[in-house]
Amino acid sequence: MTPPTASQVRPEVVTRGVHAPAKPWVERATSADHKAVGLLYIATSLSFLSLAAVEFALLRLQLIVPENSLIQPEIFNRLLSTAPVTLVVLAAIPLALGLIGYIVPLQIGARSVAFPRLNQLSYWLYLVGGVTIYASFLYTAPETGTISLPPLSDAVFAPTNGTDSWIAGTALATLGFVCFAINLVVTLNRLRAPGVAWRRMPLFAWAATVIGWLLVVIGPVMIAALTMLEIDRHFDGVFFDPGEGGAPLLYEHLAYIYFTGAYLIVFLAAAGAISEILPTFARKPVFSHRAVAASFVAIGILGPLAWMQNMYEAPLNEGWTIMAMAFALALVVPVGVLLYVWIATIWGGTLDLRAATWYALGAISIMACGLAGELSYSVVPVGWLLDDTTASQGSTLYVLVGGAVIGGFAALHYWFPKVCGRLLGEGLGKAALALMFIGINLYVLMMFMAGLEGQPVDVFQYFEGTGVDGYNLVASLAAFLLVGGILLELGNAAYSWNNGLRARGHDPWRGATLEWFALSPPPPHNFDAVPDVRSTEPMHDIRESIRRRTEAFVAPAALERPPSPAPRPAEPVPATAETSASETTDPDAADGGGSSVA
Amino acid sequence: MLALAWAGPAHAISIAPEEAHSPNADAINTSYWVMIVVVIAVIVVVNAALIAAVLRFRERRGREPSRFAAGRGALRPVVGSLSVLALVIFVYGVIMTEDVREIEPSGPNGLGAAQTAQVGIKGLPASAAIEGSESATGEEPVTGAEPTETSPLQIDAIAQQWLWRFEYPGGQPGQRTFSYGELVVPVDTTVILDLTSTDVLHSWWVPALGGQVQAASGDVTRTWFKADEEGRYAGRSTAFSGTGYPVMRSWVRVVSVPEYLDYVEQLTADLREAQGIVQRRQAEEATPEAATESEGAE
């Protein structure tokens, strides 16, 4: 152990001892590694997803027959106030962030993230936010509706502390997402491997970029709105008090900026995952990498500007509603381009119908239906007819469930082998998808027709003779199917974590992007060596060059290689020895098919 | 019974909105029908293309993927046609929005038809309506000695948890004739509703007579309708307002002009009588109290 001298220029790692590993769960919970944090995000968001699903089932149980008195109105309103925030803020966004946090640094060939501790902090803020909301069930849960609009959420009309915990929990979780987004944006800007230019960046990472910037913009808006609401409630504020010259409408604006952005985050994350899954399983590059990336950026910019699309019936100046309609309709172009590119990607390929593919196709179909519905509500008079009825709520749920749940499960199926080296159960996954697909379509169809009959959102009961009995009965049954599918798939994921089939090598799908270059699961430093990236499909280039070399190489008969190398040990081993270029890469680590462990 | 059994399933596949009985609701329904056709077309095209692609290009033995990607400008026709679609819908949307907002004059069978033609109020945005309500439109019906002589009929609808209060024109401010829950208006008459709320956010929505409008406290929102047929139309609030939200419903009873005049006259008389009773009772209650107080003083 000689101290480094001027002559010794090679960097040297100096340590005072070996870090003794703690219990696995302590390691996971305290590690600042982006993969550990990503896993915590995914696991927590899936837990909240199951909670949201159960709450949704309870809400539908109350609405199964007219004038039902199974669940008291107060309890119903509490579930009503927590279920949407659980689905969107505590499940959908963090699931997207977890997948991004785990996969995107691998995709861009980074060995870590820019601010690992900030990343870790973001998770704990989110968890504390979620726990804060649910802790209120110990005393009085919030009962002020989906987005806690004042004046209903002012201290006069909602004197209980449940609303405060809703405000605090949502704000904490959102603050966490903003921290995450700052880390994400810096990581994507500064830590891309050599050759990963913006134009070559994988599409999921593109979606992540847009999501990062979106969160940096919309997150503080919601935190500000919630802070003002809290000041109004407890510190004699008059931000939203009409009696004192405040504007309740301001909160509606701010909250809808955030929730419109959240809706787009869900869509973008699913769209990014689909844009990875379809090319991989169709064995074909995405039809137009540029067009997809450009569409993501366009959606990220235009989408939040259309927030007033939700507020057509509010006392707004006519010009504002027309502007919102313009932005909402402008979204037709990027969304249409995405759908076209996805279908064109399948066209001419050989689509391997694995569970991940089915989920991706299901997500496309469902989100397309939901976005088509949104298209009609963007037209102001149709909005006046259907906003705030179950019809438009169904359409929103289409995108949330199609994106966050079915799109999220598509991404889970796709990246599960990367995360734990096992496959997420295919048969059960497809069965769960069938349940969810039937459930959501039937539910939305029924709710659409009930909305046309005039059923408003958020009611704890409806009345006999209003013509919506049959719709609600079928919708409730469909909702149970949907919830059953979600729970089945979550159980499937939990089971497969330790008992799933071992994936064939480190790249079971023959993916095109760099995360498949790493081991499964990746070692803490991700890559021993990062290959030189020269296209949008570095892994494809590597496989091609290996194939060319293998074909060019004429083996002497006596010196034929043994049929297959020994099984790879489970602990991380160096993937490659050489660092210079893709041509010199070890074939086993590259194509992943060589080391099959059945 | 048989008819009912048949009506059930037939009813269950309806994607028609409630029948319109007012020009603005009519325009809303028209735009709904146009857009639902577009929506169904989009859904069918996307899903059909998806299914066709999957059926045709699913993995089969011996098939090689053709690794092509879009060349430069390959998506221009797609972007162009989508832009045209968006633009056409936008223009249509703007036209229909104007159509719904534009307040029509009362018809020949309506209340005060003779005066209607001169008034002809255009649809005003909410903020302008509040400013304009004092000078241009608001005061005339309110302060007019004979409300029947003026048109359109302007009614204040005041929402509270969980009830609507409708104040009819005529009478002094604070002493106007009012009703709760059910609004009675004459047929073929333009009715302008000025909505406000005394507490939380509510919304006014009678599907047969137009679209949803929020009623917020500290703000006045204006909407209108002109019912073409006598009848009773149900409405409900679509803004979550707490425990009693499902019962936050409203009804609009459309009657003939003489019936309306009788109704208002009767309502005013009833209210006067009721107020008289209340005042008398208060006076009666006040007197013994005053007596006991004076006794106590002694």
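Residues numbered from 1 in each chain as written. Chains lettered and ligands numbered in written order. Predicted model: local features only at pLDDT ≥ 70, side-chain atom pairs only at ≥ 80, totals over all residues. Heavy atoms only, no water.

## Some points on the overall build of chain B
At step 1: For chain B, the helix and strand inventory stands at six helices and ten strands.
At step 2: Counting only residues that meet the buried cut, chain B has 45% of its 298 residues in that class.
At step 3: A separation of at least 24 residues holds for 65% of the contacts in chain B among residues at least 6 apart in sequence.
At step 4: As displayed, chain B has an accessible area near 15,000 Å², and 59% of this comes from carbon and sulfur atoms. (Helix = DSSP H or I, 4+ residues; strand = E, 2+ residues; numbered from the N terminus. Buried < 20%, exposed > 50% of the residue type's maximum accessible area, 1.4 Å probe, protein only. Contact = heavy atoms within 4.5 Å. Areas by Shrake-Rupley, 256 points an atom, 1.4 Å probe, with all protein chains shown as cover.)

## Topic: the packing of helix H3 (residues 73–107) of chain A against helix H4 (residues 116–135) of chain A
Residues and elements named next belong to chain A.
At step 1: Interhelical geometry of H3 versus H4 gives an angle of 165 degrees and a closest axis separation of 11 Å. Classified by the angle between their axes, H3 and H4 sit roughly antiparallel to one another. Considering the relative orientation of H3 and H4, their crossing is left-handed. Mapping the contact onto sequence places Thr82, Val85, Thr86, Val89, Leu90 and Pro94 in H3 and Tyr126, Gly130, Ile133 and Tyr134 in H4.
At step 2: In terms of residue class, the contact of H3 with H4 is made up of seven nonpolar, three polar and no charged. (Axes fitted to C-alpha atoms, helices over the stretch in contact; angles between N-to-C directions. Parallel < 35°, antiparallel > 145°, perpendicular 65-115°, else oblique. Left-handed = near helix turned anticlockwise from the far one by under 90°. Nonpolar A, V, L, I, M, F, W, Y, C, P; charged D, E, K, R; others polar.)

## Considerations on a nonpolar patch on the surface
All names here are of chain A.
At step 1: The grouping of Val54, Leu58, Leu61, Leu70 and Leu487 at the surface amounts to a nonpolar patch, some 380 Å² of accessible area in total.
At step 2: The element that contributes the greatest number of residues to the nonpolar patch is helix H2 (residues 34–62), accounting for three residues.
At step 3: With respect to the helices and strands, the residue Val54 is situated in helix H2.
At step 4: With relative accessibility at 40%, the residue Val54 sits in the partly exposed group. (Patch = residues over 30% accessible without salt bridge, like charges linked within 9 Å, V, L, I, M, F, W, Y side chains within 5 Å. Salt bridge = Lys/Arg side-chain N within 4 Å of Asp/Glu carboxyl O.)

## Details of the nonpolar core
Residues and elements named next belong to chain A.
At step 1: Counting residues in each nonpolar core, the largest one holds 229 residues, and the members touching the most others are Phe177, Tyr251 and Phe296.
At step 2: If you tally residues by element for this core, the top one is helix H7 (residues 248–282), at 24 residues.
At step 3: Counting contributing residues per domain, this core is built from domain 1 (30–499) and domain 2 (537–598), each supplying no fewer than three.
At step 4: Residues in contact with Phe177, not counting those within four places in the same chain, are Tyr41, Val89, Ile93, Pro94, Leu97, Tyr126, Leu215 and Tyr258. (Core = buried A, V, L, I, M, F, W, Y, C linked by side-chain atoms within 4.5 Å. Domains from an automatic or database assignment.)

## Section: the sheet that holds strand S9 (residues 231–236) of chain B
All names here are of chain B.
At step 1: Pairing is mixed across the open sheet formed by three strands, whose spatial order is S4-S10-S9. The open sheet has two free edges, formed respectively by strand S4 (182–186) and S9, since each of these has just one partner strand. Within the sheet, the average angular offset between the axes of one strand and its neighbour, ignoring direction, is 20 degrees.
At step 2: For S9 and strand S10 (residues 249–255), the ladder comprises six bridges, and the chain directions are antiparallel. (Pairing = 2+ DSSP bridges.)

## Some details on the packing of aromatic side chains
At step 1: Counting across every chain of the model gives 34 aromatic pairs over all chains.
At step 2: Ring plane angle 15 degrees and centroid distance 5.7 Å describe the contact between A:Tyr134 and A:Phe137, whose orientation is recorded as stacked.
At step 3: Judged by relative accessible area, A:Tyr134 falls into the buried class, the value being 17%.
At step 4: With a centroid separation of 5.3 Å and an interplanar angle of 85 degrees, the aromatic rings of B:Trp164 and B:Trp204 are classed as edge-to-face. Separated by 40 residues along the polypeptide, B:Trp164 in strand S2 (residues 163–167) and B:Trp204 in strand S6 (residues 202–204) bring together distant segments of the chain.
At step 5: On the accessibility criterion, B:Trp204 (3% relative accessible area) is buried.
At step 6: Three or more aromatic residues joined by ring pairs make a cluster, and in this case those are A:Tyr41, A:Phe48, A:Tyr123, A:Trp124, A:Tyr126, A:Tyr134, A:Phe137, A:Phe177 and A:Phe180.
At step 7: Just above the ring of A:Trp198 sits the side chain of A:Arg192; from NZ or CZ to the centre is 4.0 Å.
At step 8: Over the aromatic face of B:Phe68 sits the side chain of A:Lys284, whose NZ or CZ is 3.9 Å from the ring centroid. (Phe/Tyr/Trp six-rings, centres within 6.5 Å; stacked < 30°, edge-to-face > 60°. Lys NZ or Arg CZ within 6 Å of the ring centre and 35° of its normal.)

## Here's the deal with the pairing of S4(B)
Residues and elements named next belong to chain B.
At step 1: Burial runs high along S4: five of the five residues are buried.
At step 2: Taking every second residue as pointing to the same face, both faces of S4 are buried, with Glu182, Val184 and Pro186 on one and Leu183 and Val185 on the other.
At step 3: When S4 meets S10, the two strands line up parallel, connected through five bridges. In the sheet register, Leu183 faces S10, and the bridge partner there is Val252.

## Brief notes about the interface of chain A and chain B
Many analyses report the size of an interface as the accessible area lost when the parts associate.
At step 1: At the interface, 88 residues of chain A touch 81 residues of chain B.
At step 2: Of the roughly 7,200 Å² buried between chain A and chain B on both sides combined, carbon and sulfur atoms contribute 71%.
At step 3: Three residues, A:Glu318, A:Trp384 and A:Leu385, lead the burial of chain A against chain B; their summed loss comes to 10% of the area buried on that side.
At step 4: On the surface where chain A and chain B come into contact, there are two salt bridges.
At step 5: Close ionic contact of B:Arg67 with A:Glu537 constitutes a salt bridge, the shortest N to O distance being 2.7 Å.
At step 6: Counting across the interface, chain A meets chain B through 14 residue pairs in polar contact (both at pLDDT 80 or more).
At step 7: Ranked by residues supplied to the side of chain A that touches chain B, first place goes to helix H10 (residues 332–346) of chain A with ten residues.
At step 8: Residues of the side of chain A that touches chain B, tallied by class, amount to 54 nonpolar, 20 polar and 14 charged. (Buried area = accessible area lost by both parts, 1.4 Å probe. Polar contact = N/O pair within 3.5 Å; in protein donor to acceptor, adjacent residues only side chain to side chain.)

## Describing a negative patch on the surface
All names here are of chain B.
At step 1: Where like charges cluster on the molecular surface, the negative patch consists of Glu19, Asp26, Asp228, Glu229, Glu230, Glu259, Asp262 and Glu265.
At step 2: Checked against the element boundaries, Glu230 lands in the loop between strand S8 (221–226) and S9.
At step 3: For Glu230, a relative accessible area of 43% translates into the label partly exposed. (Lys, Arg positive; Asp, Glu negative; His and termini not counted. Charge placed at Lys NZ, Arg CZ, Asp CG, Glu CD.)

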